[in-house]
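What the coordinates show
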Amino acid sequence: MRNKSGQVTIFVIIAVIVLAAIAAFFVFRGSIIQGEIPADIQPVYNAFLSCIEESTATGISILESQGGYIELPDFEAGSFYSPFSSQLDFFGNPIPYWYYVSGNNIQKEQVPTVKGMEEQLSNYVNDGISRCRFDDYYGQGFEIHFDNPKTTADISDNQVVISVSTSMDISRGNETALIKKHDVSVNSNLGKLYNSAKKIYDYEQETLFLEQYGIDTL
C-alpha cells in the first residue's frame, strides 16, 4: 500500500509539473516566439514597427508645435477689455497659452504635464496603428491579424519609448509568428525641451522678470 501510495504521489507531482509547463508556454508564448521570427516574416513585422515609429514621430512633432498638446484645450475668446484669447494663432497653427487672462478678466493656467503628454501621445499612436498599411504583403500571400492595441508612452530627456501590447499573428504558408509586445524608441529632445520651458515659466511666475524687462525697456 505504501509503494502504491508513493507511486500515486509521484504521478500527481508529474501531472502538476506538466500542467505548469503547459500554462507557462501559453503565458510566455508571445515572448518565446518573438525571438524566433522567421526571416520571411521579419519584413512584415519591421513594417509594423516602422508604422509605430512614424506615428510616434508625428505625435512628438505635434506636441512640440502646439505647446505640449495634441488635443487642444477648449478655445476661449477674449473680450474688448481683455483682447487676448487662450491660444496664439501662429500662421494658422493654434498654440495654447500656458497662462492667459480670460474674456471676463480671470487669470487662468493650462500648463501641460509630462503625464498628460504621454497620455495624448499614447492615444495618438494607438489610433494610428489602425492606419498601418500592409497591402503589399497581403498581395504576397501574408495573413496579418492583431487585436485591439493598448499603447503606453514614456517621455524622457532624450528619447520617447512607445510600448504596444497586442497579439500580432503573421503567417504565410508554413511560416508563422505571434508577437505580443512591441517596443519602439524614438530619439527626441521633447522631455528636455519641456523641462527647460517649465523652469522658465515657473521662474517668470515667481519673479515676473519679463514684465520687469519690459518696464526697463520702456
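Reference entry: report on the structure contained in this document. Since this is a predicted model, take the numbers as computed values, not measurements.

A word on the state of the cysteines
Summed over all chains, the structure comprises one disulfide. Disulfide partner of Cys51: Cys132, at an S-S distance of 2.0 Å. Linking Cys51 and Cys132, the disulfide has an S-S dihedral of approximately -95° and is accordingly described as left-handed. Here the residue Cys51 occupies a position in helix 3 (residues 42-65), and Cys132 occupies one in the loop between helix 4 (114-129) and helix 5 (135-139), the gap between them amounting to 81 residues.

Thoughts on a nonpolar patch on the surface
Judged by side-chain polarity, Leu88, Phe90 and Phe91 come together as a nonpolar surface patch covering roughly 370 Å² of accessible area. Following the sequence through the fold, Phe90 ends up in strand 1 (residues 87-90). The exposure class assigned to Phe90 is partly exposed, which follows from its relative accessible area of 45%.

So, the nonpolar core
Ranked by internal contacts, the top residues of the largest apolar core, which has 34 residues, are Ile52, Leu121, Phe134, Ile144, Ile162 and Ile170. Those elements that place two or more of their residues in this core are helix 3, helix 4, strand 6 (150-155), strand 7 (159-172), strand 8 (175-187) and helix 6 (190-207). Looking at which element gives the most residues to this core, the answer is helix 3, with seven residues. Excluding residues that lie within four positions of it along the chain, Leu121 makes contacts with Thr56, Gly59, Ile60, Leu63, Ile70, Ala153, Val160 and Ile162.

Comments concerning the pairing of strand 8
Across 12 bridges, strand 7 lies against strand 8 in antiparallel orientation. Across the sheet, residue Gln159 finds its bridge partner in strand 8, namely Asn187. Linking strand 7 back to strand 8 in an antiparallel pair, the connection comprises two residues, with Gly173 at a positive phi of about 65°.

Looking at the pairing of strand 2 (residues 93-96)
Two elements, strand 1 and strand 2, share four bridges in a ladder whose sense is antiparallel. Within strand 2, the residue paired with Phe90 across the bridge is Asn93. The turn joining strand 1 and strand 2, which pair antiparallel and follow one another in sequence, is formed by two residues; a positive phi near 50° is taken by Phe91.

What to know about unusual backbone geometry
At Phe91, a residue that is not glycine, the phi angle is positive and equals roughly 50°. Tracing the backbone shows Phe91 in the loop between strand 1 and strand 2. For Phe91, a relative accessible area of 79% gives the class exposed. At Asn105, a position not held by glycine, the phi torsion is positive, near 65°. As for its placement among the helices and strands, Asn105 is situated in the loop between strand 3 (99-101) and strand 4 (107-109).

Brief notes about the side chain of Gln120
Relative to the helices and strands, Gln120 resides in helix 4. In contact with Gln120, other than residues within four places in its own chain, are Tyr69, Ile70 and Glu71.

Side note on the pattern of salt bridges
Here the structure, examined in full by the defined rule, presents four salt bridges. In this structure, Glu76 engages Lys108 in a salt bridge whose closest nitrogen and oxygen atoms are separated by 3.1 Å. Of this pair, Glu76 sits in the loop between helix 3 and strand 1 while Lys108 is found in strand 4, placing the two residues 32 residues apart along the sequence. Between Asp183 and Lys181 there is a salt bridge, with its nearest N and O atoms 3.3 Å apart.

Rules behind the numbers
- Residues numbered from 1 in each chain as written.
- Predicted model: local features only at pLDDT ≥ 70, side-chain atom pairs only at ≥ 80, totals over all residues.
- Heavy atoms only, no water.
- Disulfide = S-S within 2.5 Å.
- Helix = DSSP H or I, 4+ residues; strand = E, 2+ residues; numbered from the N terminus.
- Patch = residues over 30% accessible without salt bridge, like charges linked within 9 Å, V, L, I, M, F, W, Y side chains within 5 Å.
- Areas by Shrake-Rupley, 256 points an atom, 1.4 Å probe, with all protein chains shown as cover.
- Salt bridge = Lys/Arg side-chain N within 4 Å of Asp/Glu carboxyl O.
- Buried < 20%, exposed > 50% of the residue type's maximum accessible area, 1.4 Å probe, protein only.
- Core = buried A, V, L, I, M, F, W, Y, C linked by side-chain atoms within 4.5 Å.
- Contact = heavy atoms within 4.5 Å.
- Pairing = 2+ DSSP bridges.

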